[in-house]
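The lines below spell out each chain.
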Amino acid sequence: MEPLARLRVDARGLATVLQADPSLGLEGTKVPCALLVEGKDPFGRPLCPRCPVLRELRRGAYRASTPLVRQGRRLRCQGYREGEGFLVELFPEKGAPPDLLLELSRLAQHLLKHPEEFPKNIEVFLGVLRQALSMEAAELFLSDPEGHHLILTAYEGLHREAFLERPWFQLGEGYPGIVALKRAPLFTHALGEDSRYLRQKVKALGYQTYICYPLELPHGLIGVLNLASRDPGVRHEEVLEALERIGPLLASTLYTLLTRLGEEGLKAATRLLHRGVPAEGVRALLEGVRRLSGATGVRLVPKEGPPLSLGPVPPCAMKDCPAWRGEVVGFKNGLPDCPEAEGRPRICLPLWAWGEVVAVETLFHARPPKPPTGPAAFALWLQRLAAPLLFPEKPKESRLEVHALGGFRVLYQGRELRPEDFGRRSAWRLFKLLLANKDRALFADELAESLFPGLPPERAKQELYTAVYHLRKTLPGIVEREGEYYRLHLPEPHYLDFAHFEALMRRADLEEGLSAFKTLREALELYKGPLFGDDPYGEWAEAERAYLQERALYGLLRLGEMAEALGYKEVAREAYARALKLEPLFEEAQTRLEALR
């Protein structure tokens, strides 16, 4: 919609008319904007001398608007930041909704010049979006750089406190988590009856329509945009069509901004690292976090080395903080509570590098922001590129990896070992037999008989000693002798896929809901087939092989049941079909699979 008038206003408030409808009678160059427009509020009082539009723009907003009356005509004054000055436009008070792509392009231009003004301006844009689509609430969740969580970063609309009930979701959890996992929009017109929506206060207020849209680029998810209304008659097709138009530009704008923040953090740290003062590099990074997040104080506790604080931060031991396990936690702000925290609200963030948490960071705000998790995602993205430099990867120790589910592969010190690397085939078989009995000592005669059943006892024992010698030569220290018994001695660190599978299955037994679902999926991805699949008829592993297969079968059955409950029909089908592939006569899996067809 074309404006009735367009004015350019400089930093001093002097306006030049660029174009104007003759009926408005606006003419002039370098005239104080208040004297030129002479707008009044609905009560007839002069509005322009205390112009709310220029006030908000000078405070950092990319856009601001207000209704006004000029010569008895009701108008809407709308302004934008433009260079060192402002662009002011006058529209009829009840005109067409704004062009969302144009609004988003103006937001992008502004944020790329002033990234520190993101929190205020993304909320302004959410307000424009919400009103243009006739919705009552709009919220933006951003993904953390590792892609583990969705964090509520901005909210605009009614009933703020209700929507802040749950400001953080894991992938697959709640509406935002489901959309992030499936990378597809999700909507409902009966929110109160939908068990997938987890904010009870929002349901209690009578919200019915909820539309959730993924913001993604080819290389990954950036965040999730949500809109809500108490009107069940909202035409979701029109809302989704609008989100499809602006989604790619919004996603690319957010990613560019977040990446630029990371580059700024990297520059600050790199300059000081090159001077040989890494501690000052960490301090410079924290200064950036403090400035961007508006935090009163910031504390960083690395896994190794002394903690560093800037400004006041409430005390916390940080020894068993869930943030060390990669969780975003807090205190009195809607995030999962840290069991060690007490006193005033704060946010605790895991800082990742080299695939592990290398430090935990606490943000403290004397006056908590709205939403309280707003600064969290930006703090993490700011430090994403600098963290690997400030916390360099340590050389990995010697490591033994055994993959025995569905086959048999051995990796030692980063190199894959073949049967011929063990010198004797019997040493290769001995290693498998010891792995199958990794938690107990085996009698030498029993080992000899299992490995060399066709030889006389004395000859078999001599062959056993030879096999032990070659196994120790290939994997030093792997076998311990206790009198007439042999025991497997695994070096640290080590990895056995079948042991890890069993540990995850036991953890899933103790969990419920989404946590159990995620743990089961992780465990069952490890189960590639029967134990020692390259030697399927080895009687020495039959008991352990049968036990692990039974665990996998009933794990797949439980996974299918949970997937059905969560609405993941395809995941459920895959689980039941996989169970039948392992055991064709598994009737319960067959029945459930047929019910889904």
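Each remark here, short or long, concerns the structure printed above.
Calculation notes
Residues numbered from 1 in each chain as written. Predicted model: local features only at pLDDT ≥ 70, side-chain atom pairs only at ≥ 80, totals over all residues. Heavy atoms only, no water. Helix = DSSP H or I, 4+ residues; strand = E, 2+ residues; numbered from the N terminus. Buried < 20%, exposed > 50% of the residue type's maximum accessible area, 1.4 Å probe, protein only. Contact = heavy atoms within 4.5 Å. Areas by Shrake-Rupley, 256 points an atom, 1.4 Å probe, with all protein chains shown as cover. Lys, Arg positive; Asp, Glu negative; His and termini not counted. Charge placed at Lys NZ, Arg CZ, Asp CG, Glu CD. Arc of directions from axis to C-beta. Core = buried A, V, L, I, M, F, W, Y, C linked by side-chain atoms within 4.5 Å. 1 Å grid on protein atoms, 1.4 Å probe; cavity = no way out; pocket = protein on both sides within 12 Å on 5 of 7 lines; lining within 4 Å. Points joined across faces, edges and corners; volume = space filled by probe spheres on them. Nonpolar A, V, L, I, M, F, W, Y, C, P; charged D, E, K, R; others polar. Pairing = 2+ DSSP bridges. Axes fitted to C-alpha atoms, helices over the stretch in contact; angles between N-to-C directions. Parallel < 35°, antiparallel > 145°, perpendicular 65-115°, else oblique. Left-handed = near helix turned anticlockwise from the far one by under 90°. Phe/Tyr/Trp six-rings, centres within 6.5 Å; stacked < 30°, edge-to-face > 60°. Lys NZ or Arg CZ within 6 Å of the ring centre and 35° of its normal. Disulfide = S-S within 2.5 Å.

> Teacher, can you tell me more about the overall build of the chain here?
Looking only at helices and strands, one finds 19 helices and 24 strands in the chain. Its C-alpha atoms put the chain at 115 × 65 × 40 Å along the principal axes. Burial statistics for the chain: of 597 residues in total, 52% are counted as buried. Sequence separation of at least 24 residues holds for 56% of the intrachain contacts in the chain that already meet a minimum separation of 6. Of the roughly 28400 Å² of accessible surface on the chain, a fraction of 51% belongs to carbon and sulfur atoms. One way to put it: in the chain the 81 positive side-chain charges average out to a point 7 Å from where the 81 negative ones average out.

> Is there a simple way to explain helix 13 (residues 444-451) in this structure?
One turn of an α-helix holds 3.6 residues; hence residues three or four places apart share an orientation. Within helix 13, burial applies to A444, L447, A448 and L451. Considered in projection along helix 13, the buried side chains sweep an arc of 100° and stay on one side of the axis. Contacts from the buried residues of helix 13 go to helix 12 (425-436), strand 21 (442-443), helix 14 (457-474) and strand 23 (485-488).

> Please clarify how the nonpolar core should be interpreted in this entry.
Where a protein is soluble and globular, its nonpolar side chains tend to be buried together. By size, the foremost hydrophobic cluster in this structure holds 94 residues, and its most contacted members are F431, L435, L464, L471 and F501. In this view, L471 contacts F422, A427, L430, F431, L434, I478 and V479; residues no more than four positions away in its chain are not counted.

> So what exactly am I meant to see when it comes to empty space enclosed by the protein here?
A probe matching the size of a water molecule, rolled over the atoms, marks out where space remains unfilled. Inspection of every chain in the model, using the stated rule, returns two cavities of 30 Å³ or more. Forming the walls of the largest cavity are C33, V37, L47, C48, C51, P52, V53, L54, T66, L68, C77 and V88. A per-element tally of the lining of the largest cavity places helix 2 (residues 52-58) first, with three residues. Within the lining of the largest cavity, the residues separate by chemical class into eleven nonpolar, one polar and no charged. Contributing to the lining of the second largest cavity are N333, P345, R346, I347, L363, H365, P368, P369 and P372. Residues of the lining of the second largest cavity, tallied by class, amount to six nonpolar, two polar and one charged.

> Sorry, what's going on with the sheet that holds strand 3 (residues 31-32) here?
In spatial order, the strands read 3-2-1-6-5-4; together these six strands make up an open sheet with antiparallel pairing. The open sheet is flanked by strand 3 and strand 4 (63-70), the only strands paired with a single partner. Pairing between strand 4 and strand 5 (residues 73-82): eight bridges, direction antiparallel. Residue pairing in the sheet places S65 in a bridge with Q78 of strand 5. In this fold helix 3 (residues 100-113) packs onto strand 4, strand 5 and strand 6 (85-92), with an angle of close to 35° to the strand it touches most, strand 5.

> Would you mind going over the packing of helix 16 (residues 513-526) against helix 17 (residues 542-566) with me for this structure?
Relative orientation and spacing of two packed helices are given, respectively, by the angle between their axes and the distance between those axes. Taken N-terminus to C-terminus, the directions of helix 16 and helix 17 make an angle of 135°; their axes are 10 Å apart at the nearest point. Regarding the angle of helix 16 to helix 17, the classification is oblique. Between helix 16 and helix 17 lies a crossing whose hand is left-handed. Of helix 17, the residues touching helix 16 (which contributes G513, L514, A516, F517, L520, R521 and L524) are A552, G555, L556, R558, L559, M562, A563 and L566. Residues that form the contact of helix 16 with helix 17 fall into these classes: eleven nonpolar, two polar and two charged.

> What's the story with the environment of H148 in this structure? I'm lost.
Residue position: H148 is located in the loop between strand 7 (137-143) and strand 8 (149-157). By relative accessible area, H148 is classed as partly exposed at 30%. Taking C-alpha positions, H148 is 9.5 Å from V328, a pair spaced 180 residues apart along the chain.

> Any chance you could explain the packing of helix 18 (residues 569-582) against helix 19 (residues 587-595) here in plain terms?
Closest axis-to-axis distance for the helix 18/helix 19 pair is 9 Å, and the angle between their directions is 145°. Note on packing geometry: the crossing formed by helix 18 with helix 19 is left-handed. Note on element contacts: helix 19 touches helix 18 through A589, Q590, R592 and L593, opposite R573, Y576, A577, A579 and L580.

> What should I look at first to understand the packing of aromatic side chains in this one?
Any pair of aromatic rings gets described here by the distance separating the centres and the angle formed by the planes. Across all of its chains, the model carries 18 aromatic pairs by this definition. Centroid distance Y175 to Y197: 6.0 Å. Interplanar angle 70°. Geometry classified as edge-to-face. Highlighted residues: Y175 in helix 6 (residues 174-182) and Y197 in the loop between strand 10 (186-188) and helix 7 (200-204), separated in sequence by 22 residues. By the burial criterion, Y175 is buried, and Y197 matches it. Ring-pair connections join several aromatic residues into one group, and the members of that group are F408, F422, W428, F431 and F532. Sitting over the ring of Y207, R230 keeps its end group 5.7 Å from the ring centre.

> Quick question: what am I supposed to make of the state of the cysteines here?
Note: disulfide means a covalent bond formed between the sulfur atoms of two cysteine side chains. For the structure on display, the rule yields zero disulfides. Looking at the unpaired C77, the closest cysteine sulfur is the one in C51, lying at 5.5 Å.

> What is the right way to look at the side chain of R551 in this model?
Counting through the fold element by element, R551 comes out in helix 17. Excluding its chain neighbours within four sequence positions, the residues that come into contact with R551 are F501, E502, M505, R506 and D509.

> Whenever I open this one, the environment of E241 confuses me. Can you help?
Relative to the helices and strands, E241 is located in helix 8 (residues 236-274). Along the chain, E241 and E492 lie 251 residues apart, while their C-alpha atoms are 55 Å from each other.

> Honestly, the pairing of strand 7 in this entry has me stumped. Any pointers?
For a regular strand, side chains alternate in direction, first toward one face of the sheet and then toward the other. A large share of strand 7 lies buried, amounting to seven of its seven residues. Side-chain alternation along strand 7 places A137, E139, F141 and S143 on one buried face and A138, L140 and L142 on a second face that is also buried. Two elements, strand 7 and strand 8, share seven bridges in a ladder whose sense is antiparallel. Paired with A138 across the bridge in strand 8 is E156. Counted between consecutive antiparallel strands, the loop separating strand 7 from strand 8 contains five residues, among which G147 sits at a positive phi close to 75°.

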